[in-house]
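# Remarks on the overall topology
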Amino acid sequence: MAQGRTRAAILAGRPPLQSPGRPPVNRREERQRFWRLIAQGLPSEEAAVACGVSMPLGPRWFREGGGMPPISLDPPSGRYLSFAEREEIAVLRAQGCGVRDIARRLGRAPSTISRELRRNAATRGGRLDYRASVAQWHADRQARRPKPCKLATNETLRQYVQDRLAGQVRAPDGRTVEGPDVRWIGRRHGRRQDRRWATSWSPEQIAGRLPTDFPEDETMRISHEAIYQALYIQGRGALRRELTACLRTGRALRVPRARTRQRGKTFVTDEVMISQRPAEAADRAVPGHWEGDLIIGLGSSAIGTLVERTTRYTLLLHLPPMDGHGVGPRAKNGPALAGHGAEAVRDAIAAIITTLPEQLRRSLTWDQGTEMAQHARLRIDTGLQVFFCDPHSPWQRGTNENTNGLLRQYFPKGTDLSRHSRDDLDAVAAALNSRPRKTLDWKTPAEALNEHLLLI
C-alpha cells in the first residue's frame, strides 16, 4: 500500500512523503540542560553524563553545534504540555481512563488532551497507540519554526561575506597567490602548521564595512554574530564549516567563554595575584623582590630568568631536557620531558634562590604560565612568596621583560638553548651583572647588590 501511495504521488508530480525516521531517545529538555552545563564550563563528556545521556553523545552534540547551542535554552511556557505530563497521559490512557478524567487529573482542558491523543499518537503499528516519547518527538517537530538565515536568502550578501572571508590573496599586480595547500580536518591547526591563505577579514570587519560599501542598501546589513553562527552551526545552509579555517583562530568549534576562563589557570587564585603583592615591591626601595620568566628556543628548549627589581641582578636557571625527550612521539598528558615543566622549574628556582640570604628572598612575580603550577610547594621549600601578573599584562614585570631582551643577544630566537651548559649560563649572567646601568647611576647590578648585602 505504501508503494502504491508513493507511485501515485510520483505520477501526480508531487514529491513522495518520506518517513521522518525513528523518534530520538534524547529529549529537548536533555539537550537544553546539556548546553546550559556547557555554558558553565563543563567538558562535553561530563555535561552529557550530568544530563543523563551517554558520554560519547556529548562530544557529538558539541561538534554538530559547532560549540554553540543550536536550540533555544529558554524554559518552555506552561501553555504547552511537558514531557512529564505526556508520560502521565500515557500511563492514564493505558489504565483505561477517559479524556475528561485525564484532563481533570492534569488540570488541563479536555480539548487539549483530545487534541494531544489525536495529533501525537504513534501510528507505525497501524493503531493509534499513545507513547510519551513518540508524542514528544511529534510535538518538537511540529513546533519548529525555522527562520531562514539572512545569508541563505540574500545571494549578494552571502557572496560579499564569502569574498571578504575566504577570497584569494592577490599580489599588488593583481596576480593570485595560492599559498600552501592545507587539508581541512575539522579542528584547529597547530600554531606552527600551515594555514590556508585567504583575504581573512574578521566577521566584525565585514559587518562594519557593509554600511560604507552599500550606504543606500539596507538589505546589505548583517551582524558579526550572525556570520559566526552561519559558520559554526550546521544546517544553516549559508556558509560551509570549512570556511572557519579563514578565521584568525582557525578553530572549527567555538569555545564557550566559561571554558576559556578555566583553562590552565586552576592554580591561580585571588590571593596570589599581583594586586596582593607588598607595596614595598612596587617602589623598589627594599631588595629581595624578583621577577621571573622563561626564554623559549628551538625544539621546546628553555632557560629560566630571575631578575631582582631593585638592583637588576640576574640569575639564570638551567633547564636541560629530560631523558626520552625527542626520542618517540609525545605522550598525551605525559611528563614534561622538555625540561621546563612545573617540577623542573620549581626545583631549579629552589636550588638557586636558597643560595641567597633570607633577606633577598621576599617575593617572586611570574606570568600565568603552567610552569609555575607548583608555586605553593616552592613557597614552602624556600619561603619565597609567589605572585602572578594579570592575563596578557607583561608590563607588570617590565624589569624581567627588559632583561630578557638583553639576554637575546646571547640566546637568539630560533636557536637550540639546550646546548648551553650550566657554566655557560653562569658566564652570561656574570657578563650581564657586570654591565653598568644608567638606572643604577652607572653602577653594575653586582655592585648594587653588594652594597645592600653589606647593610644586612
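Small disclaimer: the values here were computed from a predicted structure and weren't measured.

Here the focus is the environment of N450. One can find N450 in helix α19 (residues 445-455). For N450, a relative accessible area of 41% corresponds to the partly exposed category. The sequence separation of N450 and T311 amounts to 139 residues, and the corresponding C-alpha distance is 9.5 Å.

Quick look at unusual backbone geometry now. Positive phi is not limited to glycine here, since S300 has a value of about 60°. Tracing the backbone shows S300 in the loop between β3 (289-296) and β4 (302-308). One non-glycine residue, H392, adopts positive backbone phi at about 60°. Tracing the backbone shows H392 in the loop between β7 (385-388) and α17 (398-407).

Next up on the list: helix α10 (residues 155-166). For α10, which comprises 12 residues, the first-to-last C-alpha distance of 16 Å matches the rise-based estimate of 16 Å (1.5 Å per residue) to within 8%. Burial in α10 covers these residues: L157, R158, Y160, V161, Q162, L165 and A166. Looking at the buried residues of α10, the elements they touch are α9 (150-153), α11 (203-213) and α12 (224-232). Sitting at the head of α10, N154 places a side-chain oxygen 3.3 Å from the backbone nitrogen of T156.

L306, I349, L364, W366, M372 and F388 are the most contacted members of the largest nonpolar core, which has 26 residues in total. For this core, the elements supplying multiple residues, two or more each, are β3, β5 (314-319), α15 (342-353), β6 (363-366) and β7. Each residue touching M372, except ones within four places of it in the same chain, is listed here: F267, V345, I349, L364, W366, L378, V386 and F388. V161, L231, I233 and L243 belong to the second largest nonpolar core, which has 23 residues in total.

Rules used throughout
- Residues numbered from 1 in each chain as written.
- Predicted model: local features only at pLDDT ≥ 70, side-chain atom pairs only at ≥ 80, totals over all residues.
- Heavy atoms only, no water.
- Helix = DSSP H or I, 4+ residues; strand = E, 2+ residues; numbered from the N terminus.
- Buried < 20%, exposed > 50% of the residue type's maximum accessible area, 1.4 Å probe, protein only.
- Expected span 1.5 Å × (residues − 1).
- Contact = heavy atoms within 4.5 Å.
- Polar contact = N/O pair within 3.5 Å; in protein donor to acceptor, adjacent residues only side chain to side chain.
- Core = buried A, V, L, I, M, F, W, Y, C linked by side-chain atoms within 4.5 Å.

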